[in-house]
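Overview (structure and organization)
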Amino acid sequence: MTARYHPVETNDTTASSISSVPASSSIFTGDNGGPAFEDHRPLLSTSTSIDAAGLNGDIYEEHIATASPVSCAINLANTILGTGLLAMPAAVASVGLLPGMLVIMLSGIASSMGLYFLSRSAARTEGRHASFFAISKLTWPNLAVFFDLAIAIKCFGVAVSYLIIIGDLMPQVVASFSHEAQADDILMDRRFWITVFMATAVLPLSFLRKLDSLKYTSIIALVAVVYLGTIVIYHYISPNFPPPPPEEVEMISISTAFFARLPVFVFAFTCHQNIFSVYNELRDNSQQQVNKVIGYSIGSSAIIYEAIAILGYLSFGKNVLGNIILEYPPSLFVACGRLAIVILVVFSYPLQAHPCRASLDKILAWRSPEARGLKVPPPPSAFKYFAMTTVILIGSYLLAITVSKLDLVLAFVGSTGSTTISFILPGLFYYKIHENDPWHRGKIAAVALAVYGFLVMGVCLTFNIIHLL
């Protein structure tokens, strides 16, 4: 089929189906297990769905929309609440308590705008098969390779952050269970634990073509998030845990460090790849119901981020580490929380390697002779599949043992892949669909969101590079 775009003369509240897209897709997952990439290939009658909580794994012949707004909101929130929680107190410390609270709120609003524009664009696709691929065929078909690049960068960066978390937390878990452990012991070496988990769990799981066995990781994700919140709240209210000196807590702090940490706020609310599964699976996918899902998920996530950021910052002050859970003294209570997060990221790494590999495959085959004339390149050969997976594993491993700052990795991911998916693409998609319509508030806001995304990418990426050098 050929995707077609027909401008329609309607207001901002009108949605109509104007395209023909492939009838089935394989949906890969994004941060913390949310769908990140729709791999559209000529399929027969089945497709594999991966939900926001991890891997659904259900093979079905027809796409049946049975999801409720509550279940979709939970899945979307589960996609949002990932490793960004660990770096949020340090992000707030870069601007002070009051501006930090405001930036979290504004980041949530900007993220919800991106979700809204993507859902409006999804309404222009045929049936319940909305995806980045389908919308790009309506709007910017020649730029699809750059969309794949943005998704690949984001997934690769998140995978690196998972390995860094393993290296940060496992030595502290060992120290909590073994008081005789010394700093020079191999069990206290972050690189040792990254290597062990990479060889024993991450590597074999990443080569699997089907990840059905990982569909229950959403339970671990929920437990880890609740446990982290419990740790932060307990140590804040505990009389045995003294607060920092008053001068360490700044209400307002103006410095260029904010531009290096702003992408962390962007990364924290990135779940936009998952809005298409919400639109496709929601029983009543009217704009009103989709807006409820966006409001519930962004609102609840913003409240949790605010709580972790405020209490974490007040507990340690402006010198709080980029990974908040590293700040707490060793104990069995804290060790179990750290171990839960380690298990979570171990099983979440393959969920990033898969969409990263799929995007890399399309990038490599973009101008190849065998893919010329096809909407989507043919499936990779066994050798190419092995080679791409190996490159992703080795590349992420080398970066993880070299870079030890979680917030730095999240800052680079947030200023590139997350910014593109959250702001730039939603704004460009919505503008292109309404290109021939009169200028209205939605169209102006979409352009403003895309411009904001380009500014965040340019300014923050520059400051992060300068900071790194």
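Anyway, here's the lowdown on the structure attached to this text. (Residues numbered from 1 in each chain as written. Predicted model: local features only at pLDDT ≥ 70, side-chain atom pairs only at ≥ 80, totals over all residues. Heavy atoms only, no water.)

Here we come to the overall build of the chain. Of regular secondary structure, the chain possesses 14 helices and four strands. Across the 469 residues in the chain, those meeting the buried criterion constitute 56%. Partitioning the intrachain contacts of the chain with sequence separation of at least 6 by distance along the chain shows that 80% fall at a separation of at least 24. Summing over all exposed atoms, the chain offers an accessible surface of approximately 19,400 Å²; the carbon and sulfur share of this is 67%. (Helix = DSSP H or I, 4+ residues; strand = E, 2+ residues; numbered from the N terminus. Buried < 20%, exposed > 50% of the residue type's maximum accessible area, 1.4 Å probe, protein only. Contact = heavy atoms within 4.5 Å. Areas by Shrake-Rupley, 256 points an atom, 1.4 Å probe, with all protein chains shown as cover.)

The next point concerns helix α13 (residues 406-433). Compared with an ideal rise of 1.5 Å per residue, which puts 28 residues at 40 Å, α13 spans 38 Å between its outermost C-alpha atoms and is within 8% of the ideal. Of all the bends in α13, the greatest, near 55°, is centred on threonine 419. For α13, a buried count of 25 out of 28 residues is recorded, marking the element as mostly surrounded by other parts of the structure. (Expected span 1.5 Å × (residues − 1). Bend = angle between axes of the 7 residues up to and from the residue.)

What follows concerns a nonpolar patch on the surface. On the surface, a nonpolar cluster with roughly 440 Å² of combined accessible area is contributed by Leu98, Met251, Ile252 and Ile254. Within the secondary structure layout, isoleucine 252 lies in the loop between α7 (217-237) and α8 (257-268). (Patch = residues over 30% accessible without salt bridge, like charges linked within 9 Å, V, L, I, M, F, W, Y side chains within 5 Å. Salt bridge = Lys/Arg side-chain N within 4 Å of Asp/Glu carboxyl O.)

Residues Tyr305 and Tyr349 are the most contacted members of the largest nonpolar core, which totals 113 residues. Of all the elements, helix α5 (residues 144-177) adds the most residues to this core, at 15 residues. Every residue in contact with tyrosine 305, bar those within four places of it in the chain, is listed here: Ile80, Leu81, Gly82, Gly84, Leu85, Met88, Ile104, Ala268 and Phe269. (Core = buried A, V, L, I, M, F, W, Y, C linked by side-chain atoms within 4.5 Å.)

Put simply, α5 and α13 touch, their axes get as near as 9 Å, and they point 155° apart. Overall, the two elements α5 and α13 adopt an arrangement that is roughly antiparallel. The handedness of the crossing between α5 and α13 comes out as left-handed. From α5, Phe147, Ala150, Ile151, Ile153, Lys154, Gly157, Val158, Val160, Ser161, Ile164 and Ile165 reach across to α13, where they touch Leu406, Val409, Leu410, Val413, Thr416, Gly417, Ser418, Thr420, Ile421, Leu425 and Phe429. (Axes fitted to C-alpha atoms, helices over the stretch in contact; angles between N-to-C directions. Parallel < 35°, antiparallel > 145°, perpendicular 65-115°, else oblique. Left-handed = near helix turned anticlockwise from the far one by under 90°.)

Let's shift gears to the packing of aromatic side chains. Under the defined criterion, the tally for this structure stands at 16 aromatic pairs. Ring centres of phenylalanine 241 and tyrosine 328 lie 6.1 Å apart, and the angle between their planes is 40°; this geometry places the pair in the tilted category. Taken as a pair, phenylalanine 241 in the loop between α7 and α8 and tyrosine 328 in the loop between α10 (287-316) and α11 (332-364) lie far apart in primary sequence, 87 residues in all. On the accessibility criterion, tyrosine 328 (2% relative accessible area) is buried. Geometrically, the ring pair formed by phenylalanine 258 and phenylalanine 259 is edge-to-face, given 5.6 Å between the ring centres and 65° between the ring planes. Relative accessible area serves as the criterion here: at 18%, phenylalanine 258 is assigned to the buried category. Using a relative accessible area of 31% as the deciding quantity, one classes phenylalanine 259 as partly exposed. Through pairs of rings, three or more aromatic residues link up here, namely Tyr116, Phe117 and Tyr430. (Phe/Tyr/Trp six-rings, centres within 6.5 Å; stacked < 30°, edge-to-face > 60°.)

Within this structure, the stated rule accounts for five salt bridges. A salt bridge links aspartate 361 to lysine 384; the shortest N-O distance between them is 2.9 Å. With aspartate 361 in helix α11 and lysine 384 in helix α12 (residues 382-402), this residue pair connects regions lying 23 residues apart in the sequence. Of the residues examined, aspartate 361 reaches a relative accessible area of 2% and is grouped as buried. On the basis of relative accessible area, lysine 384 is assigned to the partly exposed category, the value being 22%. A salt bridge links lysine 432 to glutamate 435; the nearest nitrogen and oxygen atoms lie 3.1 Å apart. According to the relative accessible area criterion, glutamate 435 is partly exposed, its value standing at 32%.

Attention now goes to the environment of isoleucine 341. Along the chain, the position of isoleucine 341 falls in helix α11. Here isoleucine 341 falls in the buried class, since its relative accessible area comes to 6%. Sequence spacing of isoleucine 341 and isoleucine 165 is 176 residues, and the spatial spacing of their C-alpha atoms is 8.2 Å. Apart from the residues lying within four places of it in its own chain, the contact partners of isoleucine 341 are Leu86, Ile165, Leu169, Ala224 and Ile325.

Assignment of secondary structure puts serine 415 in helix α13. The buried category is assigned to serine 415, whose relative accessible area is 0%. Looking at serine 415, its side chain comes within polar contact range of the main-chain oxygen of alanine 411, at 3.0 Å. Within the structure, serine 415 has its side chain in polar contact with the backbone oxygen of phenylalanine 412 (distance 3.1 Å). (Polar contact = N/O pair within 3.5 Å; in protein donor to acceptor, adjacent residues only side chain to side chain.)

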